[in-house]
Amino acid sequence: MAIDLNSILSSNIKNMKRSVIRELLKLTRKKEIISFAGGLPDPDTFPINEIAEITNEILMDNGKTALQYGATEGYIPLREELIKFLATDGVKADLDNVIVTTASQQALDIVGKIFIDPGDVVIVERPTYVGAISAFNSYKSKMVGIEMDDEGMLMDILSEKLIELDKVGTKPKFIYVIPDFQNPGGYTMSFERRKKLLEIASKNNLLIIEDSPYRAIRYRGETIPSLQSMDKEKRVISLYTFSKILFPGMRLGWVVGPAEIVDKFVVAKQAMDLCTPPFNQAIVAEYLRRGKLYDNISSTIINYKAKNELMLNKLDEYMPKGQGLKWTKPDGGLFLWVTCPDSVNTEDIFYEAIKQNVAYVTGSAFYGENPQYNSLRLNFSYPTLEQIDTGIMRLAKVLENNLK
Ligand SMILES: Cc1ncc(COP(=O)(O)O)c(C=O)c1O
């Protein structure tokens with residue numbers, strides 16, 4: 001007799017859905033399709049030769065440790081390098097403030113695991129990162145989204161929402177934000193808004209989760225201090241990853257925060273994977289020790305800046321004019337966000353776009369509740385310059401046909 005899977009599945013897994021983006025990506029695998037859908041880094045930025053050389057050295061000199069189990073907190077030489085890297089960005093941390101994670105997606109899952117009980121309210125941006133939505137949903141959170149503009153989350157709306165929640169006796173567990181070159185919106189939170197956010201969090205005694213995968217990838221303008229560096233009250237936990245500044249394939253990230261919270265991360269992570277692969281940590285620690293990460297970030301910025309500028313120019317050139325279309329102009333990161341008039345549903349026209357051999361991610365994937373259907377996300381790190389030109393021309397045609 002076949003197993004009745006439904007009767008044995010946990011309510012948790014029943015609550016979880018496949019990632020919309022991964023499902024969409026399946027449709028975009030045809031060779032002819034120019035995909036602005038994924039969030040992949042350009043593999044030309046991966047320092048393959050240096051990693052090959054270091055890998056060989058690690059195996060020969062340190063293989064017995066590198067291939068052994070490691071501490072849940074992470075490999076100490078890597079954490080020491082991370083502390084130096086953070087210091088260049090104004091963040092002071094000691095070893096007990098830093099835990100290595102199996103990239104940021106694991107950190108998001110741990111955030112859910114240690115803070116969310118079913119029904120707990122968490123505050124997120126509108127739109128927000130789809131992987132955070134899945135992670136928090138898997139712990140059955142109730143997401144409350146706060147609208148954004150070009151300077152990030154709207155603080156007046158956040159204050160009003162907190163008052164509203166307080167009236168019904170609800171205290172959110174945390175506020176989750178992606179302050180730099182947000183995924184999906186490309187928005188960067190201004191310094192004033194960051195100050196205000198910390199003030200509001202302080203007044204309401206709330207924790208802030210700062211997710212920061214794109215922070216180092218800035219093409220223009222001045223760096224704005226991170227929430228972690230501005231925090232004086234130990235209420236910010238920051239998530240970082242090597243996925244976009246080095247490569248995603250080793251699945252390496254790290255979390256910085258107050259020691260007593262990092263300790264909870266250690267406990268939760270122990271039950272997940274015991275430790276992040278020590279071999280990967282040893283390789284990346286040596287890469288950092290050689291000071292190579294800065295060179296890699298610099299060349300990645302040169303590569304993506306050209307793509308970012310080209311995509312913005314081509315949107316200006318090809319997109320229908322005077323029809324209410326607008327898009328963000330991110331100063332860094334990997335994505336920009338196109339908003340169409342309300343009459344356009346980007347889920348409906350997705351299949352037409354696929355027929356025209358161009359793909360994007362529908363904006364509706366990025367809402368924790370009450371999705372909006374008139375937006376779409378474009379990635380510019382993965383396609384080539386030529387593909388960006390042709391792909392935006394194709395997308396403009398699809399939008400033009402649907403605006404009439
Ligand atoms: C905002 C944000 N957080 C976390 C992640 C997860 O990245 P990773 O697990 O590769 O570190 C991503 C990946 O795109 C992201 O955009």
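Cut-off values and rules
- Residues numbered from 1 in each chain as written.
- Predicted model: local features only at pLDDT ≥ 70, side-chain atom pairs only at ≥ 80, totals over all residues.
- Heavy atoms only, no water.
- Helix = DSSP H or I, 4+ residues; strand = E, 2+ residues; numbered from the N terminus.
- Expected span 1.5 Å × (residues − 1).
- Buried < 20%, exposed > 50% of the residue type's maximum accessible area, 1.4 Å probe, protein only.
- Contact = heavy atoms within 4.5 Å.
- Near = heavy atom within 4 Å.
- Polar contact = N/O pair within 3.5 Å; in protein donor to acceptor, adjacent residues only side chain to side chain.
- Areas by Shrake-Rupley, 256 points an atom, 1.4 Å probe, with all protein chains shown as cover.
- Nonpolar A, V, L, I, M, F, W, Y, C, P; charged D, E, K, R; others polar.
- Pairing = 2+ DSSP bridges.
- Axes fitted to C-alpha atoms, helices over the stretch in contact; angles between N-to-C directions.
- Phe/Tyr/Trp six-rings, centres within 6.5 Å; stacked < 30°, edge-to-face > 60°.
- Salt bridge = Lys/Arg side-chain N within 4 Å of Asp/Glu carboxyl O.

Some details on helix 12 (residues 278-289)
Thought 1: Across its 12 residues, helix 12 extends 16 Å between first and last C-alpha, which sits within 8% of the 16 Å expected from 1.5 Å per residue.
Thought 2: Most of helix 12 is tucked away, with 10 of its 12 residues classed as buried.
Thought 3: Every buried residue of helix 12 is listed here: Pro278, Asn280, Gln281, Ala282, Ile283, Val284, Ala285, Glu286, Tyr287 and Leu288.
Thought 4: The inward-facing, buried residues of helix 12 abut helix 4 (48-66), helix 5 (76-87), strand 2 (98-101) and helix 13 (292-318).

As for the side chain of Asn308
Thought 1: Mapped onto the elements, Asn308 comes out in helix 13.
Thought 2: Those residues in contact with Asn308, other than ones at most four positions away along the chain, are Tyr219, Arg220, Pro330 and Phe380.

As for the site of the ligand
Thought 1: Every one of the 14 residues lining the ligand counts as a neighbour, but Asn183, Asp211, Tyr214, Thr241 and Ser243 are closest to it.
Thought 2: Between a nitrogen atom of the ligand and a side-chain N or O atom of Asp211, the distance comes to 2.6 Å.
Thought 3: Between an oxygen atom of the ligand and a side-chain N or O atom of Arg251, the distance comes to 2.8 Å.
Thought 4: When the ligand is considered free in solution it has 400 Å² of accessible area, and contact with the protein chains removes 92% of it.
Thought 5: Residue contributions to the shell around the ligand peak at 4 residues, all from helix 6 (residues 103-115).
Thought 6: When grouped by side-chain class, the residues that make up the shell around the ligand number 6 nonpolar, 5 polar and 3 charged.

What about the sheet that holds strand 9 (residues 253-256)?
Thought 1: With mixed pairing, 8 strands are arranged side by side in an open sheet as 2-9-8-7-6-3-4-5. Only two strands of the sheet have a single neighbouring strand rather than two, namely strand 2 and strand 5 (152-153).
Thought 2: Bridge count between strand 8 (residues 236-241) and strand 9: 4 bridges; the pairing is antiparallel. Within strand 9, the residue paired with Tyr240 across the bridge is Trp254.
Thought 3: Each of strand 2, strand 6 (174-177), strand 7 (207-211), strand 8 and strand 9 is contacted by helix 6, which is oriented at about 150 degrees to strand 8, the strand it contacts most.

Quick notes on the packing of aromatic side chains
Thought 1: Applying the stated criterion across every chain, the model contains 13 aromatic pairs.
Thought 2: Aromatic pair Phe85 and Trp254: ring centres 6.1 Å apart, planes at 70 degrees, arrangement edge-to-face. Taken as a pair, Phe85 in helix 5 and Trp254 in strand 9 lie far apart in primary sequence, 169 residues in all.
Thought 3: Owing to a relative accessible area of 1%, Trp254 belongs among the buried residues under this scheme.

Details of the pattern of salt bridges
Thought 1: If you walk through the whole model with that rule in mind, you get 24 salt bridges.
Thought 2: Residues Arg126 and Glu147 are paired through a salt bridge, measuring 2.9 Å at the closest nitrogen-oxygen approach. Remark: Glu147 occurs in strand 4 (residues 142-149) and Arg126 occurs in strand 3 (residues 121-126); sequence separation between them is 21 residues.
Thought 3: Judged by its relative accessible area of 9%, Arg126 falls in the buried class.

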